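Residue-level listing of the chains:
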Amino acid sequence: MIFHPLPLAGAFLIEPEPIRDQRGFFARTVCRKEFAEHGLNAEFVQQSLSWNEQQGTLRGMHYQVQERKEAKLVRVAAGSIYDVLLDLRDQESTYLQWYSVELSAINRMHIYIPPGVAHGFLTLSDHCEVIYQMTAFYDPTAARGVRWDDPVFGIEWPQAVDLLMSAQDKSWPLWVRES
Ligand SMILES: Cc1cn([C@H]2C[C@H](O)[C@@H](COP(=O)(O)OP(=O)(O)O[C@H]3O[C@H](C)C(=O)[C@H](O)[C@H]3O)O2)c(=O)[nH]c1=O
């Protein structure tokens, strides 16, 4: 695996290194030792998948709080997404800054999202399957969200004709800057 550090501290793009032969290839995607060498937690306790029928589906921006703060490892098994990270760690120099990258079944890139960084994506194709591994158990009482279109963050999204979103994602509160 090749670990590409991202502008948000502790976030990485992880690029598999295919071992090819006449059948195809084999590639490692998680290793506790290699992750630890880059300061990453590979103690995943849950894996989930997100199926998205159509292009223009937007999920996010989500994170969990307190003892349910979680790191996530995300990849795309089918289709492609515009993946967005938003730094909500007020101790970081990149607080309230965002980062985006295309993840796809073709590029097979994985993204490691550290605790305290919100995550969201917009599907760039129909029939997108997104696979997540998390280092904390899902807890609806610890689940939080911020608005994808909050002017405080200024996240730039690709143009999408008809956005498909949950009512919850449309109604997260706007961010209030600490005084
Ligand atoms: C996340 C999650 C959800 N659920 C249940 C709760 C709802 O009944 C249903 C859909 O949940 P939600 O609308 O929160 O799903 P997404 O909008 O895809 O949320 C995810 O989307 C963003 C982009 C993420 O990064 C998170 O992984 C996650 O928050 O699944 C569970 O049972 N377990 C879970 O881990």
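The model shown is predicted, which means the values in this text are computed figures rather than measured ones.

Calculation rules
- Residues numbered from 1 in each chain as written.
- Predicted model: local features only at pLDDT ≥ 70, side-chain atom pairs only at ≥ 80, totals over all residues.
- Heavy atoms only, no water.
- Helix = DSSP H or I, 4+ residues; strand = E, 2+ residues; numbered from the N terminus.
- Rg over C-alpha atoms; globule rule 2.2 N^0.38 Å.
- Buried < 20%, exposed > 50% of the residue type's maximum accessible area, 1.4 Å probe, protein only.
- Contact = heavy atoms within 4.5 Å.
- Areas by Shrake-Rupley, 256 points an atom, 1.4 Å probe, with all protein chains shown as cover.
- UniProt positions renumbered as here; feature names shortened; annotations may be inferred.
- 1 Å grid on protein atoms, 1.4 Å probe; cavity = no way out; pocket = protein on both sides within 12 Å on 5 of 7 lines; lining within 4 Å.
- Pairing = 2+ DSSP bridges.
- Axes fitted to C-alpha atoms, helices over the stretch in contact; angles between N-to-C directions.

Peer 1: Tell me what's going on with the overall build of the protein, and back it up with residues and numbers.
Peer 2: Counting its regular elements, the protein contains 2 helices and 13 strands. Relative to its length of 179 residues, the protein is compact, with a C-alpha radius of gyration of 16 Å against a globular reference of 16 Å. For the protein, the spread of C-alpha atoms along the principal axes amounts to about 55 × 35 × 30 Å. Of all 179 residues assigned to the protein, the portion counted as buried reaches 46%. Contacts spanning at least 24 positions in sequence make up 77% of the contacts within the protein whose residues lie at least 6 apart. Per element, the accessible surface of the protein, about 9700 Å² overall, is 51% carbon and sulfur.

Peer 1: Break down the UniProt feature "active site" (unreviewed entry) in the protein for me, citing the residues and quoting the values.
Peer 2: The UniProt record marks His62 and Tyr132 with the feature "active site" (unreviewed entry), using the residue numbering of this structure. Across 71 residues of sequence, these annotated residues stay compact in space, with a maximum C-alpha separation of 13.0 Å. When the annotated set is filtered for residues lining the largest pocket, what remains is His62 and Tyr132. Residue placement: His62 occurs in strand E6 (residues 58-64). Not counting residues up to four positions away in its chain, the partners in contact with His62 are Lys72, Val117, Ala118, His119, Arg144, Gly145, Asp169 and Trp172. Within the secondary structure, Tyr132 sits in strand E12 (residues 128-134).

Peer 1: Could you give me a rundown of the sheet that holds strand E8 (residues 80-87), with the residues and numbers involved?
Peer 2: What the 5 strands build is an open sheet, ordered E9-E8-E11-E6-E13; its pairing is antiparallel. Both edges of this open sheet fall to strand E9 (98-104) and strand E13 (143-145), since each of them pairs with a single strand only. Neighbouring strand axes in the sheet, compared pairwise and without regard to direction, differ in orientation by 30° on average. Bridge count between E6 and strand E11 (residues 117-123): 3 bridges; the pairing is antiparallel. Bridge pairing links Arg59 to Phe121 in E11.

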